[in-house]
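Each chain, letter by letter, is given below.
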2 protein chains.
Amino acid sequence: MVNVAILGYGTVGSGVFEVINKNNSHISRRAGDDVNVKYVLDLRDFPGDPVESVLVHDFNVILNDPEVDVVVEVMGGVEPAHTFVRQSLEQGKSVCTSNKEMVAKYGAELLKVAKEHTCNFLYEASVGGGIPIIRPLNQSLTVDHVNEISGILNGTTNYILTKMSEEGLKFEDVLKDAQDRGYAERNPEADVEGYDACRKIAILASMAYEKQVDYEDIYTEGITKITKEDFEYVSQLGASIKLLGKAWKENGNIYAMVAPFVINKDNPLYGVRGVFNAILLNGDMLGDVMFYGKGAGKLATASAVVSDVVDAIKHKGKIIMTFWGSEKRTLGDINDFAMPYFVRVEGAGREAEIEKVLDNVQFISAPADSKVAGTETAFITEAVKGADLEEALKGFTVVSKIRVSQ
Amino acid sequence: MVNVAILGYGTVGSGVFEVINKNNSHISRRAGDDVNVKYVLDLRDFPGDPVESVLVHDFNVILNDPEVDVVVEVMGGVEPAHTFVRQSLEQGKSVCTSNKEMVAKYGAELLKVAKEHTCNFLYEASVGGGIPIIRPLNQSLTVDHVNEISGILNGTTNYILTKMSEEGLKFEDVLKDAQDRGYAERNPEADVEGYDACRKIAILASMAYEKQVDYEDIYTEGITKITKEDFEYVSQLGASIKLLGKAWKENGNIYAMVAPFVINKDNPLYGVRGVFNAILLNGDMLGDVMFYGKGAGKLATASAVVSDVVDAIKHKGKIIMTFWGSEKRTLGDINDFAMPYFVRVEGAGREAEIEKVLDNVQFISAPADSKVAGTETAFITEAVKGADLEEALKGFTVVSKIRVSQ
C-alpha cells in the first residue's frame, strides 16, 4: 500500500481526492500498488464530507509519518506551500503539485532538493491544467533543441477574446459576463493583466532552456486595452487576437514575453477557442507540435496531478524529471527584437505621412459599419524594433498597437 | 557507452542516424551515457555515405553482439521486421520502432516478449510521426478511462481534403498534384483508402481498451468518393470534411472505424490543415485533450524514435510501457450505432418525400453557382443506424452519404 497526503482541500484538492477514490482500482493497477489517501490537510473542517475521516489540521502529522510516500501540494500560494514541499522532499517523500507560483519561483531549488534525496518533484498540473505538457516537453528535450514555445496559457482571457472576436462585444461586457458565469474572478487582475500566463511561460522557459527564468524579468502585457474595433480590423484579414506567452532562442539570446498578438489562420493556435489552452512547441528536429485541452477545471487538473502520483509511485527511488539549473537566466531585451505590429493612429488619410516614416506598410480599412470608419488610419508594419516604431510614430496619436505573430 | 543498431537505412533510418549524430552531446547528456550507433543494417551499399563505416548486411551480426543494447527497427513491413524484433527482445535488447504495420499486428505479442525479458518495446513513432501520443496516452491511461479517441491520422489524405475544401478542387486533380510534390505515393491506395489510418487507430484502440484490436475488423472507408460538390454543401454550414480514425466505448461495447466525417468549427480537429495530424482524446476525468503535429517527415519521425531510444537507455531493466492483452477484442458493429449523416439524393424538390421516411431532417441548398444546384436534394439526418438509413432511402438515388461527427 502506498500512502498519499493531500495538502489543501480546495477545488483541485477535492478533485484529487475524488479521482483517487473514484478510479481507485484502475489507478492502483497502473501504479502496481494500492493507492490510499491517508491524510488531507486543511485548516477548515468539512462536517459530513467523506474527507472528515482523514482530515488533519497540522502538517507535522504528515511530515513525521514515515508511511506517507507521496505528498500532493494543491494549496496554492508561495508560502507555506514552499516550506511544506521542501520539508517533504527532505524526508524523501515525492511531491506532486499544481502550484504555478511556487514552481515558477522555487522550481530549480525544489528539483535539486528532490534529486539530493532521491525522490521526485513533479508539476504536470502547474501549466495547462489537464493538458500533458510538462512530461512531453521533458521528453522532447531529450532529443530536440527548442527553438520556440508559444502558448495560450490562460483560459479566462482566451474566453474573453473569443467572445469579443466572434460576437463583436466589448471587453468590459464580456468580462462581466465571465465573472457572472464563474469563468473569471471578481478580482480579475491575475488573468487579464497576464500575470498568470507569465508564471506559466516562466516555468516552460526554465525547463526548455535549462536555467531559472524569473517571472519578474518577463515583459508582460495584458488584454485590457484590446477593443472591439481592433477585432473589426483584424477580422478583415482573416486573423484574430490572442494573449500569448512566448519564449524563444535567437542569436544565442533567450527571450520571453506575454502579450496580445494578432495571429492568422495558418497558426495552429488560431483555432483555440473559449476556455481552452494550447501550447505550441517548435523543436529543431521535431518541427511544430501542439498540445491542447482545458487549462483548468477540477477533474482535469486533478487527473494531471494523479498521473504524477502514479509516476512517483512507479519510479520510486529513480529521478525522472530533468532539472533546470538555479543559475539565473538573463533574458534578451524584447525591445531589441524586431516584430511586425498592427497599428491604428488618429485621423483618416494619413497613408502618405506613415509611408514617410515606415517602410513596407500594409494599410487596412475598418469595415464601413464600424464607428471608427473614416476617423483613423490603420496598418501592419514590417518587422521593426519597439523603440524604432515608437520613434517613427512620434508625430501621431496612437490609438492601438498590437504585435503580430510571425 | 550505449550501442545502438539501426535496422533499415531508408528515410526514417537515415533520419535516426542523422539525429543521433547531430544532437549527440545533448542526447548523451540526457540519456546519462554516451550514445553510439554501432551498426546500420541494410541490404544496399551506400558508397561515400558516412553510414558506410557501420553498415552491415547480416542481421545476425547485430543479434549476436552482446554490446548492442538498443535496436531501432525502421525497415517497415511485417516480415522480416517482426522476426528481427522478436529475436532482439528475446536477447534482452530493447527495441524502438516506427513500424505501424508490425505494431498493429504483433504489438501485444512483442510487448509480452519484452516484459518476459525485462526490456522495453517502444513505438512512439508508429502513430502520428513526431507527435508525442503513445507516451501521453500511456500516461493518461494511468488515471483516466478513455471515452473516445478520434484523430486525423494520415497527412496525405488531410492534405488532399484541405486543398479540395479551400481551393474548390477535384479529388483527382489534388491527388495528382500531391503525387507530383511527393506528398502522395504513386500507388496511393494505402493512404486514400484509409488503410494507413486503420493501422494507427488499431494501435491506439488496443492501448486504450487494453485488448488486441485487429485492424482487419475495423470498418474502413477512404476518401475517393468525396467530391468538390460535397465541400460546396458543407461549407455553407461552416463545416468541413476530414478522414477520421475513431475508437470509442458505449454501453460496454468498443467501436472502431475509419471514414470521412463532416465536422464543424467547434471540433478542435476542424482547424487541422494540410499534412498535419492530430489526435483528440476524451478521458472520463481529463475531458478533451489534443495532440497536434506533422504526422510524417524524416526528422520529426526520427526525433520520436530517438526519444524512445533515450527512454530505453534511462529505464534499462525497468518496464515502462503498459501492455495490452493479446486476447482479441470483438468490436461492436458500427451499423448498430446511430449517427447523423449528410446525404445528397438525385432530383430537386424532394423534401416532402424525404420527410415521410426520415424524422428531423435539416435541408441544405447547394450554392447558386454549383453545377448541381437545382438537380439534387441534400440534408443532414438526426442520429440514425446505417441499416435504417439505407432502408429509408430505398426509393432514392443516393449521390453521396457522409457521416457527421457529433
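Here's what I pulled together on the structure shown here. (Residues numbered from 1 in each chain as written. Chains lettered and ligands numbered in written order. Predicted model: local features only at pLDDT ≥ 70, side-chain atom pairs only at ≥ 80, totals over all residues. Heavy atoms only, no water.)

## Quick look at the pattern of salt bridges
Between side chains of opposite charge, a pair can form as their charged atoms come close.
Residues and elements named next belong to chain B.
No. 1: For the coordinates displayed, the defined rule picks out 68 salt bridges over all chains.
No. 2: Across the salt bridge formed by Arg273 and Glu166, the nearest N and O atoms sit 2.8 Å from each other. A residue pair is termed long-range when its members are at least 10 positions apart, and Arg273 in the loop between strand E11 (253–264) and strand E12 (276–283) and Glu166 in helix H7 (residues 155–167) qualify at 107 residues.
No. 3: Classification of Glu166 by relative accessible area gives partly exposed; the value is 41%.
No. 4: Across the pair Lys371 and Glu229 runs a salt bridge whose closest N-O atoms are separated by 3.8 Å. One end of the pair, Lys371, is in the loop between strand E16 (362–364) and strand E17 (376–380); the other, Glu229, is in helix H11 (residues 228–236), with 142 residues separating them in the sequence.
No. 5: We classify Lys371 as exposed; its relative accessible area is 67%. (Salt bridge = Lys/Arg side-chain N within 4 Å of Asp/Glu carboxyl O. Helix = DSSP H or I, 4+ residues; strand = E, 2+ residues; numbered from the N terminus. Buried < 20%, exposed > 50% of the residue type's maximum accessible area, 1.4 Å probe, protein only.)

## A short note on the sheet that holds strand E6 (residues 121–122) of chain B
Residues and elements named next belong to chain B.
No. 1: Overall, parallel pairing links the six strands, which are arranged E3-E2-E1-E4-E5-E6 in an open sheet. Of all strands in the sheet, those with a lone pairing partner are strand E3 (55–56) and E6, marking the two edges.
No. 2: Bridging between strand E5 (residues 94–97) and E6 involves two bridges; their strand directions are parallel. When the sheet's bridge partners are listed, Val95 is paired in E6 with Phe121.
No. 3: Across the sheet, helix H1 (residues 11–22) touches strand E1 (2–7), strand E2 (35–41) and strand E4 (68–73), and the angle it forms with E2 is around 160°. (Pairing = 2+ DSSP bridges. Contact = heavy atoms within 4.5 Å. Axes fitted to C-alpha atoms, helices over the stretch in contact; angles between N-to-C directions.)

## Regarding unusual backbone geometry
No. 1: In the segment running from Glu79(A) into Pro80(A), the intervening peptide bond is cis, with an omega of 5°.
No. 2: Relative to the helices and strands, Pro80(A) is located in the loop between strand E4 (68–73) and helix H4 (81–90).
No. 3: At Glu210(B), a position not held by glycine, the phi torsion is positive, near 65°.
No. 4: Here Glu210(B) is to be found in the loop between helix H10 (195–209) and strand E8 (211–212).
No. 5: Under the relative-accessibility criterion, Glu210(B) is labelled partly exposed at 24%.
No. 6: Positive phi is not limited to glycine here, since Asn251(B) has a value of about 50°.
No. 7: As for its position among the elements, Asn251(B) is in the loop between strand E10 (239–250) and E11.

## A few points about the sheet that holds strand E1 (residues 2–7) of chain A
Within a sheet, neighbouring strands are paired by backbone hydrogen bonds and run either parallel or antiparallel to one another.
All names here are of chain A.
No. 1: Here six strands make up an open sheet; going across it, the order is E3-E2-E1-E4-E5-E6 and the pairing parallel. This sheet does not close on itself; its edge strands, each paired only once, are strand E3 (55–56) and strand E6 (121–122).
No. 2: Across the sheet, H4 is in contact with E1, strand E2 (35–41), E4, strand E5 (94–97) and E6; its angle to E5 comes to roughly 150°.

## Details of the packing of helix H5 (residues 100–116) of chain A against helix H10 (residues 195–209) of chain A
Residues and elements named next belong to chain A.
No. 1: Interaxial distance between H5 and H10 falls to 9 Å at its minimum, and their mutual angle equals 45°. In terms of orientation, H5 and H10 fall into the oblique class. Judged by the twist between their axes, the crossing of H5 over H10 is left-handed. Within the contact between the two elements, H5 uses Lys100, Glu101, Val103 and Ala104 and H10 uses Asp196, Arg199, Lys200, Ala202 and Ile203. (Parallel < 35°, antiparallel > 145°, perpendicular 65-115°, else oblique. Left-handed = near helix turned anticlockwise from the far one by under 90°.)

## Some points on the nonpolar core
No. 1: With 244 residues, the main nonpolar core has Phe121(A) and Phe121(B) as its most contacted residues.
No. 2: Once residues within four sequence positions are removed from consideration, Phe121(B) is found in contact with Val85(B), Leu89(B), Val95(B), Thr97(B), Met102(B), Val103(B), Gly107(B), Leu110(B), Leu111(B), Ala114(B) and Met321(B).
No. 3: Judged by nonpolar contacts, the second largest core, of 60 residues, contains Ala392(A), Trp248(B), Ile334(B) and Phe396(B). (Core = buried A, V, L, I, M, F, W, Y, C linked by side-chain atoms within 4.5 Å.)

## Quick word on the relation of the copies chain B and chain A
There are two copies of the chain, and a rotation about an axis plus a shift along that axis relates them.
No. 1: Structural alignment of chain B on chain A gives an RMSD of 0.0 Å, achieved by rotating through 180° and translating 0.0 Å along the axis. The transformation just described matches what one would write down for a two-fold rotation axis. Across chain B, the rotation axis passes nearest the C-alpha of Phe291(B), at a separation of 2.4 Å.
No. 2: A share of 100% of interface residues in chain B that are also interface residues in chain A marks the association as one of identical surfaces. (Least-squares fit on C-alpha atoms with pLDDT ≥ 70 in both.)

## Some thoughts on the packing of aromatic side chains
No. 1: Tallied over the full model, the rule gives 25 aromatic pairs over all chains.
No. 2: Arranged with centres 4.9 Å apart and planes meeting at 70°, the rings of Tyr9(B) and Phe46(B) form a pair that is edge-to-face. Highlighted residues: Tyr9(B) in the loop between E1 and H1 and Phe46(B) in the loop between E2 and E3, separated in sequence by 37 residues. Across this residue pair, the class does not change: Tyr9(B) and Phe46(B) are buried.
No. 3: Taking the centre distance of 6.0 Å and the plane angle of 85° together, the rings of Tyr123(B) and Trp324(B) count as edge-to-face. Of this pair, Tyr123(B) sits in the loop between E6 and helix H6 (134–140) while Trp324(B) sits in the loop between helix H12 (298–314) and strand E14 (325–328); the two residues are 201 residues apart in sequence, bridging distant segments of the chain. Pair check on accessibility: Tyr123(B) and Trp324(B) agree, each one buried.
No. 4: Among the aromatic residues, those joined into a cluster by ring pairs are Tyr9(A), Phe17(A) and Phe46(A).
No. 5: A cation sits over an aromatic face here: Arg199(A) above Tyr215(A), 3.9 Å from the ring centre.
No. 6: Positioned above the aromatic ring of Phe261(B) is the side chain of Lys246(B), whose terminal nitrogen or guanidinium carbon lies 5.0 Å from the ring centre. (Phe/Tyr/Trp six-rings, centres within 6.5 Å; stacked < 30°, edge-to-face > 60°. Lys NZ or Arg CZ within 6 Å of the ring centre and 35° of its normal.)

## Describing the interface of chain B and chain A
No. 1: Facing 47 residues of chain B, the contacting portion of chain A comprises 47 residues.
No. 2: Here chain B packs against chain A, burying approximately 4200 Å² in sum over the two surfaces, 54% of which is carbon and sulfur.
No. 3: Contact with chain A buries area across many residues of chain B, yet Arg30(B), Val143(B) and Met285(B) alone supply 17% of it, more than any other trio.
No. 4: The tally of links from chain B across to chain A stands at six salt bridges.
No. 5: A salt bridge links Glu210(B) to Arg30(A); the shortest N-O distance between them is 3.2 Å.
No. 6: At the surface where chain B touches chain A, the tally comes to 22 residue pairs in polar contact (both at pLDDT 80 or more).
No. 7: For the side of chain B that touches chain A, the secondary structure elements donating two or more residues are H1, helix H2 (24–31), H6, strand E13 (287–294) and H12 of chain B.
No. 8: Broken down by element, the side of chain B that touches chain A gets its largest block of residues, eight residues, from H12(B).
No. 9: Tallied by class, residues from the side of chain B that touches chain A come to 20 nonpolar, twelve polar and 15 charged.
No. 10: By the bridge criterion, five bridges tie strand E13 (residues 287–294) of chain A to E13(B) in an arrangement that is antiparallel. (Buried area = accessible area lost by both parts, 1.4 Å probe. Polar contact = N/O pair within 3.5 Å; in protein donor to acceptor, adjacent residues only side chain to side chain. Nonpolar A, V, L, I, M, F, W, Y, C, P; charged D, E, K, R; others polar.)

## Brief notes about the environment of Asp191(B)
Residue and element names in this part refer to chain B.
No. 1: Here Asp191 shows up in helix H9 (residues 189–192).
No. 2: Asp191 gets classed as buried once you look at its relative accessible area, which sits at 12%.
No. 3: Placed 124 residues apart in sequence, Asp191 and Glu67 show a C-alpha to C-alpha distance of 39 Å.
No. 4: Excluding anything up to four places from it in sequence, Asp191 contacts Asn154, Thr156, Thr157, Glu185 and Asp196.
No. 5: Only 2.7 Å separates the side chain of Asp191 from the side chain of Asn154, close enough to count as a polar contact.

## Structural notes on the packing of helix H2 (residues 24–31) of chain A against helix H12 (residues 298–314) of chain A
All names here are of chain A.
No. 1: Here H2 crosses H12 at 35°, and the two axes come no closer than 9 Å. Judged by the sense of rotation from one axis to the other, the crossing of H2 with H12 is right-handed. Packed against H2, whose contacting residues are Ile27, Arg30 and Ala31, the element H12 presents Val306, Val310, Ile313 and Lys314 at the interface.
No. 2: In the contact of H2 with H12, the residues fall into five nonpolar, no polar and two charged.

## Digging into helix H5 (residues 100–116) of chain B
Residue and element names in this part refer to chain B.
No. 1: Helix length check: H5, at 17 residues, gives a terminal C-alpha distance of 22 Å against a target of 24 Å (1.5 Å per residue), a fit within 8%.
No. 2: Where H5 bends most, the angle comes to about 80°, and this point is Tyr106.
No. 3: For H5, the full list of buried residues reads Lys100, Met102, Val103, Ala104, Gly107, Ala108, Leu110, Leu111, Val113 and Ala114.
No. 4: Capping the start of H5 is the job of one residue whose side-chain oxygen sits 3.4 Å from the backbone nitrogen of Glu101: Asn99. (Expected span 1.5 Å × (residues − 1). Bend = angle between axes of the 7 residues up to and from the residue.)

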